[in-house]
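Tertiary structure, described
The lines below spell out each chain.
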Amino acid sequence: MPVFPIRPLAALLCGLLVAGCSSLVPETQKKLEAVDPVRQDVSELVLILDLPSEVQPVPETTTMSVSFSVPGQPARRVDAVLALADPGDLAAALPPPAAGRAYYFMGFAPADKQALRAAQAWARSTGNASATGGLSVAPRFCGTGPVDVEKATFSVKVTLPGTADGATLIRDEVLANALALSNQTALAPC
């Protein structure tokens with residue numbers, strides 16, 4: 001699985017599903033560049049996947065690794081896994097999915113949220129801290145029925161720290177591109 005180095009959170013999330021895809025939304029990338037992973041609660045980040053109804057994400061196959069570093073001290077690394085998340089009020093704020101589509105919400109498990117917050121607190125307490133890291137990019141999808149992965153598309157929204165609404169990160173990307181990142185040519189059955 002490739003791991004992308006990051007400086008801003010934008011690079012981290014843009015690499016999440018499709019590296020270099022043409023459907024990345026520039027406005028969201030700019031908003032993500034303003035996120036400070038040391039001082040803002042990135043543990044509450046939620047991804048909203050808009051998928052064909054026959055397609056589901058395979059949870060716990062995408063990992064966000066963040067290293068918090070302070071000059072003169074060993075870095076603290078957190079490997080957090082994305083899992084299916086409770087959307088809470090977020091689901092009510094979204095329009096209903098289009099016909100033949102479904103939403104899936106992905107976020108961090110409670111233990112990973114605690115680990116991220118603990119590392120952030122340590123980094124903030126030391127003063128001059130920074131955050132770097134990477135993302136293992138091999139999202140996995142499975143299918144409950146036949147899907148033409150060369151024509152089927154998906155979109156991804158992300159909630160930014162301090163906001164409750166989702167900002168579109170990837171719009172109408174072909175599913176085959178995401179499958180290629182995990183060396184798949186067809187959907188595995190769910």
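From a predicted model like this one, the values you see are computed outputs, not experimental measurements.

The final tally for this structure, using the stated rule, is one disulfide. The disulfide partner of cysteine 142 is cysteine 190, and the S-S distance across this bridge is 2.0 Å. Torsion about the S-S bond of the cysteine 142 and cysteine 190 cystine: about 95°, corresponding to right-handed handedness. Taken together, the residues span a long stretch of sequence, with cysteine 142 in strand 7 (residues 141–143) and cysteine 190 in the segment after strand 10 (188–189) at a distance of 48 residues.

Moving on to the packing of aromatic side chains. Within this structure, the stated rule accounts for two aromatic pairs. Aromatic pair tyrosine 103 and phenylalanine 105: ring centres 6.5 Å apart, planes at 65°, arrangement edge-to-face. Residue classification places tyrosine 103 among the partly exposed positions, given a relative accessible area of 23%.

For the rest of this paragraph, the subject is the confidence of the model for the protein chain. Residues at a pLDDT of 70 or more form 73% of the protein chain, whose mean pLDDT is 77. When pLDDT is averaged over each helix and strand of the protein chain, the minimum, 48, is found for helix 1 (residues 9–17) and the maximum, 93, for strand 2 (residues 55–57). Low pLDDT, under 50, characterises residues 1–8; the predicted model gives this stretch 22 contacts beyond four residues in sequence or across chains.

Definitions and cut-offs
All chains use their own residue numbering, which begins from 1 and follows the written sequence. It should be noted that, the model being predicted, local features are given only for residues of pLDDT at least 70 and side-chain atom pairs only at 80 or more, the latter also being counted only at that level, while totals for whole chains, interfaces and linings use all residues. Water and hydrogen atoms play no part in the side-chain values, which are based on all heavy atoms of the structure. For the purposes of this analysis, a disulfide is any pair of cysteine sulfur atoms at a distance within 2.5 Å. Secondary structure is summarised from DSSP: a helix means a run of H or I of at least four residues, a strand means a run of E of at least two, and numbering begins at the N terminus for each. Put simply, two rings from Phe, Tyr or Trp (the six-membered ring, in Trp's case) pair if the centres are within 6.5 Å, and we call them stacked under 30 degrees between planes, edge-to-face over 60, tilted for the rest. The classification of residues rests on relative accessible area computed with a 1.4 Å probe and restricted to protein chains. Under 20% of the type maximum is buried, over 50% is exposed, and intermediate values are partly exposed. Every residue gets a pLDDT, meaning the predictor's confidence in that residue, from 0 to 100. Every residue pair with non-hydrogen atoms within 4.5 Å of one another is taken to be in contact.

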